[in-house]
Amino acid sequence: MGCTQSEFVSLLTNTLNSTHINRYKNTEQAELTVNQLDSVKSTWKLIKNHKDFGLMIMERMFLKNSEIKHKWIFAKDLNTEEEIRKNLQTIYHAAKIMEMFNKLVNLYDLHKPNDFKEITHLGKNHFDYGVRPSDFEHFEECLIYCLEKEINDDKLFDIKTKTSWKKFFIKIASKLTEGIYLAEIDELNTINKCIK
Ligand code: HEM
């Protein structure tokens, strides 16, 4: 026996947590200004060792956000800086994130339509890993913290630069979020078909 249309809509609404849809929903007002994008691009160039920077983010993620650490199944027994930095799957995720950021920072162009299909697809994969939009808030905190620490200069990484990076991350996270919701809707549709 299937659920009615209104039961399905209510199931969907309950599943999607509106607080987090709001933070990472893809809105035009979240678009960066030319100066903001320049500031993201120029500060990204200051990050010389991407491998190490990615690991710095993962380290903060695992040490300060233990409530979501289990989403990286391989991370559950990683408790020290040394364990985190030596773990091959952590190194893999750190490298993948850095590759993605590097690509997005370099290709992002305010004067051309940007193709975010790859990042939306990545969001769909992350749904399968159990990642939910609220997890990106933790990621955002770690990213900003690590940028500030690595750049280590109040004038280069001032409040405006921080705001630019937050906006840039919101852009990425909103596309990942879109992928997560598309995957979630697919799953709910499949469940709905199965119970009919
Ligand atoms: C914040 C929460 C996040 C969690 C819990 C998470 C979790 C994961 C997991 C479990 C994997 C699979 C790893 C493996 O197969 O060994 C993965 C892969 C990956 N992640 Fe994340 N991730 C997060 C955020 C991000 C962000 C912000 C990005 C980049 C923008 C990213 C980019 C990637 C890429 C490129 C891969 C490999 C490709 C793929 O599996 O499709 N992740 N992530």
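The sections below set out a description of the structure shown in this document. (Residues numbered from 1 in each chain as written. Predicted model: local features only at pLDDT ≥ 70, side-chain atom pairs only at ≥ 80, totals over all residues.)

1. Topic: the overall build of the protein chain
Logical step 1: A count of helices and strands for the protein chain gives 10 helices and 0 strands.
Logical step 2: Beginning at the N terminus, the succession of helices and strands in the protein chain can be written as α-α-α-α-α-α-α-α-α-α.
Logical step 3: Residues counted as buried form 26% of the 196 residues belonging to the protein chain.
Logical step 4: Considering only contacts within the protein chain whose residues lie at least 6 apart along the sequence, 84% involve residues at least 24 apart. (Helix = DSSP H or I, 4+ residues; strand = E, 2+ residues; numbered from the N terminus. Buried ≥ 20, exposed ≤ 12 C-beta atoms within 10 Å, placed from the backbone. Contact = placed C-beta atoms within 7 Å.)

2. Points about unusual backbone geometry
Logical step 1: In this model, Asn-152 sits at a positive phi of 50 degrees, which is unusual for a non-glycine residue.
Logical step 2: Inspection of the secondary structure assignment puts Asn-152 in the loop between helix H9 (135-151) and helix H10 (159-195).
Logical step 3: For Asn-152, a count of 10 C-beta atoms within 10 Å translates into the label exposed.

3. Examining the site of the ligand
Logical step 1: Around the ligand, a shell composed of 18 residues is seen, among which Lys-71, Lys-96, Asn-125, Tyr-129 and Phe-139 lie nearest.
Logical step 2: Mapped by element, the contributors of at least two residues to the shell around the ligand are helix H7 (88-107), helix H8 (117-128) and H9.
Logical step 3: Ranked by the residues each element gives to the shell around the ligand, the list is headed by H7, at 6 residues. (Near = placed C-beta within 6 Å.)

4. Regarding helix H3 (residues 34-44)
Logical step 1: Within H3, the full set of buried residues consists of Ser-39, Val-40 and Thr-43. Buried residues of H3, seen end-on, are gathered within an arc of 100 degrees and therefore sit on one face of the element. Among the exposed residues of H3, those pointing more than 90 degrees away from its buried face are Val-34 and Ser-42.
Logical step 2: In this structure, the buried residues of H3 make contact with H7, H9 and H10. (Arc of directions from axis to C-beta.)

5. A short note on H7
Logical step 1: Helix length check: H7, at 20 residues, gives a terminal C-alpha distance of 28 Å against a target of 28 Å (1.5 Å per residue), a fit within 8%.
Logical step 2: The complete set of buried residues in H7 reads Thr-90, Ala-94 and Phe-101. For H7, the buried positions fall inside an angular range of 35 degrees around the axis, keeping them on one side. Relative to its buried face, H7 has exposed residues pointing more than 90 degrees away, namely Leu-88, Tyr-92, Lys-96, Glu-99, Lys-103, Asn-106 and Leu-107. (Expected span 1.5 Å × (residues − 1).)

6. Quick notes on the packing of helix H4 (residues 50-64) against H7
Logical step 1: Following both chains from N to C, one finds H4 and H7 inclined at 115 degrees, their axes separated by 8 Å at the closest point. Of the possible angle classes, the one that applies to H4 and H7 is roughly perpendicular. The chirality of how H4 crosses H7 is right-handed. Contacts between H4 and H7 involve His-50, Lys-51, Phe-53, Gly-54, Leu-55, Ile-57 and Met-58 from the former and Thr-90, Ile-91, His-93, Ala-94, Ala-95, Ile-97, Met-98 and Asn-102 from the latter.
Logical step 2: Here the residues of the contact of H4 with H7 are counted per class, giving 9 nonpolar, 5 polar and 1 charged. (Axes fitted to C-alpha atoms, helices over the stretch in contact; angles between N-to-C directions. Parallel < 35°, antiparallel > 145°, perpendicular 65-115°, else oblique. Left-handed = near helix turned anticlockwise from the far one by under 90°. Nonpolar A, V, L, I, M, F, W, Y, C, P; charged D, E, K, R; others polar.)

7. Focus on the nonpolar core
For soluble globular proteins, nonpolar side chains are generally found buried alongside one another.
Logical step 1: Ranked by size, the top nonpolar core spans 32 residues in total, and within it Ile-57, Met-58, Leu-143, Cys-146, Phe-169 and Ala-173 carry the most contacts.
Logical step 2: Put simply, the parts of the chain that give this core at least two residues each are H4, H9 and H10.
Logical step 3: Here the element with the most residues in this core is H10; it accounts for 9 residues.
Logical step 4: Aside from chain neighbours lying at most four places away, what touches Met-58 is Ile-84, Thr-90, His-93 and Ala-94. (Core = buried A, V, L, I, M, F, W, Y, C linked by C-beta atoms within 7 Å.)

8. Notes on the packing of H4 against H9
Logical step 1: Two elements in contact, H4 and H9, have axes whose closest approach is 9 Å; the angle formed by their N-to-C orientations is 130 degrees. By the angle class used here, H4 and H9 are oblique. Here H4 and H9 pass one another in a crossing that is right-handed. Every residue of H9 that contacts H4 at Phe-53, Met-56, Ile-57, Arg-60 and Met-61 is listed here: His-138, Phe-139, Cys-142, Leu-143, Tyr-145, Cys-146 and Glu-150.
Logical step 2: Across the contact of H4 with H9, the residue classes tally to 9 nonpolar, 1 polar and 2 charged.

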